[in-house]
Amino acid sequence: MSVAAIDIGTNSVLLLIAERRGGELVALVDRATITRLGQGVDAARALAPEAVARTLACLARYGEELRSLGVERVDAVGTSAMRDAAGGEEFIARARELIGVAPRVISGPEEAELTYAGALTGLDLPAEGPRVVFDVGGGSTEIIVGGIGGAVERAVSLDVGSVRLTERHIRADPPAAEELEAVRADARAALATVPSVRFSSAPTLVGVAGTVTTLAALVRGVAPYDGARVHGARLSGAEIVATTSRLAALTLAERRQLPALDPARADVIVAGSVLIEEILAWASRLAGAPVDLVTSDRGVRWGLAERLCAA
């Protein structure tokens, strides 16, 4: 039986078509398309018509693929942009016509559970110790603390992401020092709201989504992008700081020329990278020692596909 999971995010729309083979979920199709549905949502709290048009065009292509492959079960979810924007009923109705199901707007806690379940699949992690998974999206960031058995112990959704922080603070090209500091201050303020966590041992920190995987591709020189080479890559705090500094020093046009960076992500990668820096610093303070980042090329769509296979 084949299943399809669609994750309609603030910055990109992800499609996973998978089937169970010998107890393991195997991807048949795994696509990501940047449509920027969350364009202007932070300020207007409404979906922009041009953003809706881009996203529906993507869903039309995905719908054709679902039908051509005869996928048996489909589920689609919307996250931060759809939670924050008013008047999304027309978008949902049109999306249903294109992909066969109406996208569900999921809560932050449900997004966190799906992220945690999906992110850890296919990773070779220590057999013991706490795990912290974070998902930097375009409009929000989820931080999930869990244990070995897969149970989520604590999850929070923060109102910061790569698109939202860029729209709030960055105007200059390349970004000005004071703009980067504003992004950093906003990220720190959001992380300060996370309830205090005490770890009995150093946690394994796993990062999910496009900003994280792009950073990993840049650090490791993975071009063109290859999810299999990025999934499981380990990055140090020093590597992330150095890469963020390099990106921040480039103009938008120069960033778009980087072979490991999707040009459509070039305008928001700097703010997203600063946010990841701050998450690493936050986790290291809690652990009492520097923490590395394990990259996951999986997330909500994989957690959703696991649910569909189990249903």
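Residues numbered from 1 in each chain as written. Predicted model: local features only at pLDDT ≥ 70, side-chain atom pairs only at ≥ 80, totals over all residues. Heavy atoms only, no water.

## Things to note about the pattern of salt bridges
The full count for this structure, using the stated rule, is 17 salt bridges. Linking Asp186 and Arg168 is a salt bridge whose minimum nitrogen-to-oxygen distance equals 3.0 Å. One end of the pair, Asp186, is in helix H7 (residues 177–191); the other, Arg168, is in helix H6 (residues 162–169), with 18 residues separating them in the sequence. A residue is classified by how much of its surface remains accessible, and Arg168, at 28% relative accessible area, is partly exposed. Between Glu277 and Arg184 there is a salt bridge, with its nearest N and O atoms 3.1 Å apart. Residue Glu277 is located in helix H12 (residues 269–287), and its partner Arg184 is located in helix H7; the two are separated by 93 residues in the primary sequence. Looking at Glu277, the relative accessible area reads 13%, which means it is buried. Classification of Arg184 as buried rests on a relative accessible area of 16%. Residues joined in a network through salt bridges with shared partners are Asp75, Arg104, Glu110, Glu113 and Arg307. (Salt bridge = Lys/Arg side-chain N within 4 Å of Asp/Glu carboxyl O. Helix = DSSP H or I, 4+ residues; strand = E, 2+ residues; numbered from the N terminus. Buried < 20%, exposed > 50% of the residue type's maximum accessible area, 1.4 Å probe, protein only.)

## Some points on the layout of surface pockets
Roughly 720 Å³ of internal volume is contained in the largest pocket. Every residue lining the largest pocket is counted, 39 residues in all, and those nearest its centre are Ser12, Leu14, Ala32, Gly210 and Arg265. Taken together, the elements giving at least two residues each to the lining of the largest pocket come down to strand E2 (12–21), strand E3 (24–34), strand E6 (131–136), helix H8 (210–220) and helix H13 (300–310). When residues in the lining of the largest pocket are grouped by element, the largest group, four residues, is from E3. Grouping the constituent residues of the lining of the largest pocket by class yields 13 nonpolar, 16 polar and 10 charged. (1 Å grid on protein atoms, 1.4 Å probe; cavity = no way out; pocket = protein on both sides within 12 Å on 5 of 7 lines; lining within 4 Å. Points joined across faces, edges and corners; volume = space filled by probe spheres on them. Nonpolar A, V, L, I, M, F, W, Y, C, P; charged D, E, K, R; others polar.)

## Section: helix H4 (residues 89–99)
Turning to H4, its buried residues are Phe91, Ala95, Leu98 and Ile99. Down the axis of H4, the buried set is contained in an arc of 75°. They therefore lie on one face. Exposed side chains of H4 directed beyond 90 degrees from the buried face belong to Glu89, Glu90, Arg96 and Glu97. On the buried face of H4, the contacting elements are strand E1 (2–8), helix H2 (49–69), strand E4 (73–78) and helix H3 (80–84). Positive phi appears at Gly100, one or two residues downstream of H4, with a value of about 90°. (Arc of directions from axis to C-beta. Contact = heavy atoms within 4.5 Å.)

## Section: the side chain of Asp75
For Asp75, the location among the structural elements is in strand E4. Owing to a relative accessible area of 15%, Asp75 belongs among the buried residues under this scheme.

## Some words on the packing of aromatic side chains
In total, this model carries zero aromatic pairs according to the counting rule given. The ring of Trp302 carries Arg298 above its face, with NZ or CZ at 3.8 Å from the centroid. (Phe/Tyr/Trp six-rings, centres within 6.5 Å; stacked < 30°, edge-to-face > 60°. Lys NZ or Arg CZ within 6 Å of the ring centre and 35° of its normal.)

## A few points about the packing of H8 against helix H10 (residues 237–248)
Their axes nearest at 10 Å, the elements H8 and H10 cross at an angle of 90°. Classed by the angle they form, the pair H8 and H10 counts as roughly perpendicular. In this structure, H8 uses Leu215, Leu218, Val219 and Arg220 to contact H10, whose residues at the interface are Glu239, Ile240, Thr243, Arg246 and Leu247. Here the residues of the contact of H8 with H10 sort into five nonpolar, one polar and three charged. (Axes fitted to C-alpha atoms, helices over the stretch in contact; angles between N-to-C directions. Parallel < 35°, antiparallel > 145°, perpendicular 65-115°, else oblique.)

## Observations concerning the pairing of strand E9 (residues 204–208)
Of all five residues in E9, five are buried, a share of seventy percent or more. Residues Thr204, Val206 and Val208 line one face of E9 and the alternating positions Leu205 and Gly207 line the opposite face, and both faces are buried. Looking at chain direction, E6 and E9 are connected through five bridges and run parallel. Note that in E9 the partner of Val133 across the bridge is Val206. As paired strands, E9 and strand E11 (residues 293–296) are joined by four bridges and run parallel to one another. Looking across to E11, one finds that Gly207 is bridged to Thr295. (Pairing = 2+ DSSP bridges.)

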